[in-house]
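Here's the letter readout for the chains.
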Amino acid sequence: MGPILLLFLACLGSGTRGQAQVEYEPQFLEALENHTVTQGRDVIFTCVVNHLGRYKVAWIKSDSKIILAVHTHLVAHNNRLSVTHNGHNTWKLKVSNVQKNDSGTYMCQINTDPMKSQMGYLEVVIPPDVIDEDGSRDHSANEGGTLKLVCRATGIPAPNVTWRREDGKKIFLRNVVPPEVVHVYTGEVLELSNVHRSDMGSYLCIASNGIPPSVSKRYIVQVNFHPKVVVSNQLVAAPIGSDVLLHCYVESWPKAMHSWTRENGIKLMNIPKYHMEEYHINEYSLNMNLTIKDLEKHDFGGYNCSSVNALGKAESTVRLTELHIPTKTTLIPVTHDTGRRKVVIKQKTQPPPTKKPRKKMRMEEPTTSPPAPQIPTRPDWFDQQNEIDGSGYWHRAHFLQIFLALLVISAIC
């Protein structure tokens, strides 16, 4: 630093010989502050000096021994630097759009003998960034193989790299003993050993170092395997004239061609007679449904559900048989939901029971006035009625007969 100071003193011609008056020594009123700044922003160092007199203030980047400015004159050839003076005791050095190489120690120096100076440190921090080394985000392997996902990140301070699945499922680590299952894995390299189809999906590499924003990169994991077809109900029965639903479950990757065929090899098309639907569960599995409408005799037989991809073919068969239902009575359509298949059958009902007509008793009024009858304690017609219906109870006809008898008695009296 000695040669720099001598050059500085010589350039300024700051000798003080021959002066008898008393001078105050320059002094710093405030310490030069330290700064931590995100790359791309601006920073200002402020130096406050009292009693500067005939001395000068210079700005120096001490770690590289480079004079940046003297008083208000910029020395360094850097258009991102500027210096200002308020005309009294405050000098400022501004660094615009700070970059990584701007980090270091900055000195505010007064050319006294010996010199006076104070220093402040500038730390430039950089948000994390993920290096795209291979340029590919899709990674695939056959089931049982191994995949390595590599995520390199830069930033100041050094970023922390973590992995998680985008769908929130757990990560299976089969390369350690014993195997582990975690939600978050820390490290730049994620190794998936003995991969299974359940490992398929999107994985996120997340880099963070406390400087916002954190960044992430998506990796797509694909596991190739032979198709698999499962039929839950291999035998389905339905009556003629009904609609029936056939169902099968399929797993395959890479993507496969799916179809329904008759056992004689005829491929079914999506027409009004046959309605085919596919419901995707995840990347590699789906449900296949076939609805056959208005069943006829020739519709009964075997139906094949098949899946074909680059690794092979798989199929399974559903056998549809006729369900015989007696047709003696009225038919009412009833839908039975069996979960994975829906069969519409017709259920017979019995007609309501018919009521037997009751015999009406007829009483003839006498042409002449008979002597006043006496009401028997147990009329003969009571026994007669009991013989008719066998119920042992009086019915409305009984009360009608009593009422008519009472009318006859009142007429006589």
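Check the entry above for the structure.
The structure presented is a predicted model; accordingly, all values stated were derived computationally and were not measured.

Engineer: Quick one: what's the story with the sheet that holds strand β7 (residues 81-85), residue by residue and with numbers?
Structural biologist: Strand order in the open sheet formed by four strands is β1-β3-β8-β7, with antiparallel pairing between adjacent strands. Only two strands of the sheet have a single neighbouring strand rather than two, namely β1 (27-28) and β7. With five bridges connecting them, β7 and strand β8 (residues 90-95) associate as antiparallel partners. Within β8, the residue paired with valine 83 across the bridge is leucine 93.

Engineer: Account for a nonpolar patch on the surface, naming residues and giving values.
Structural biologist: On the surface, a cluster of nonpolar side chains totalling about 370 Å² of accessible area is made up of Leu400, Phe403, Leu404 and Leu407. Relative to the assigned elements, leucine 404 resides in helix α3 (residues 396-412).

Engineer: Help me get a handle on the packing of aromatic side chains, residues and values and all.
Structural biologist: According to the stated counting rule, one finds three aromatic pairs in the structure shown. For the pair tryptophan 163 and tyrosine 219, a centre-to-centre distance of 5.2 Å together with 55° between the ring planes defines the contact as tilted. With a gap of 56 residues between them, tryptophan 163 in strand β14 (residues 160-165) and tyrosine 219 in strand β20 (residues 215-230) connect regions that are remote in the sequence. Tyrosine 219 carries the same exposure label as tryptophan 163, and that label is buried.

Engineer: Run through unusual backbone geometry, naming residues and quoting values.
Structural biologist: Note the cis peptide between aspartate 113 and proline 114, where omega equals 0°. Here the residue pair isoleucine 156 and proline 157 is connected by a cis peptide bond, since its omega of -5° sits within 30 degrees of zero. Relative to the assigned elements, proline 157 resides in the loop between β13 (152-156) and β14. Unlike most non-glycine residues, asparagine 194 shows phi in positive territory, near 50°. Inspection of the secondary structure puts asparagine 194 in the loop between β18 (189-192) and β19 (201-208).

Engineer: Residues and numbers for the state of the cysteines, please.
Structural biologist: Counting across every chain of the model gives three disulfides. Here cysteine 47 connects covalently by a disulfide to cysteine 108, the sulfurs 2.0 Å from one another. Residues cysteine 47 and cysteine 108 are joined through a disulfide that is left-handed, its torsion about the S-S bond being -80°. Taken as a pair, cysteine 47 in strand β3 (residues 43-50) and cysteine 108 in strand β9 (residues 104-110) lie far apart in primary sequence, 61 residues in all. Take cysteine 47: its relative accessible area is 0%, and that puts it in the buried class. A disulfide bridge connects cysteine 151 with cysteine 205, and the sulfur atoms are separated by 1.7 Å.

Engineer: Tell me what's going on with the pattern of salt bridges, and back it up with residues and numbers.
Structural biologist: Enumeration according to the criterion identifies 14 salt bridges in this entry. Among the ionic contacts, a cluster of salt bridges with common partners joins Glu143, Arg197 and Glu251.

Engineer: Describe the pairing of strand β25 (residues 285-292), naming the residues involved and giving the relevant values.
Structural biologist: Across the eight residues that make up β25, a large majority, seven, are buried. Pairing analysis gives eight bridges linking strand β22 (residues 244-253) to β25, with the strands arranged antiparallel. Residue pairing across strands places cysteine 248 opposite methionine 288, the latter belonging to β25. Bridging between strand β24 (residues 274-280) and β25 involves seven bridges; their strand directions are antiparallel. From the neighbouring strand, tyrosine 279 faces β25, where its bridge partner is asparagine 287.

Engineer: Residues and numbers for the environment of tryptophan 91, please.
Structural biologist: Its place among the elements puts tryptophan 91 in strand β8. Separated by 32 residues in sequence, tryptophan 91 and tryptophan 59 place their C-alpha atoms 9.4 Å apart. Leave out the neighbours within four places in its chain, and tryptophan 91 touches Phe45, Thr46, Cys47, Val49, Leu52, Val57, Trp59, His71, Thr84 and His85. Within polar-contact distance, the side chain of tryptophan 91 engages the side chain of histidine 71 at 3.2 Å.

Reading guide: rules and limits
- Residues numbered from 1 in each chain as written.
- Predicted model: local features only at pLDDT ≥ 70, side-chain atom pairs only at ≥ 80, totals over all residues.
- Heavy atoms only, no water.
- Pairing = 2+ DSSP bridges.
- Helix = DSSP H or I, 4+ residues; strand = E, 2+ residues; numbered from the N terminus.
- Patch = residues over 30% accessible without salt bridge, like charges linked within 9 Å, V, L, I, M, F, W, Y side chains within 5 Å.
- Areas by Shrake-Rupley, 256 points an atom, 1.4 Å probe, with all protein chains shown as cover.
- Salt bridge = Lys/Arg side-chain N within 4 Å of Asp/Glu carboxyl O.
- Phe/Tyr/Trp six-rings, centres within 6.5 Å; stacked < 30°, edge-to-face > 60°.
- Buried < 20%, exposed > 50% of the residue type's maximum accessible area, 1.4 Å probe, protein only.
- Disulfide = S-S within 2.5 Å.
- Contact = heavy atoms within 4.5 Å.
- Polar contact = N/O pair within 3.5 Å; in protein donor to acceptor, adjacent residues only side chain to side chain.

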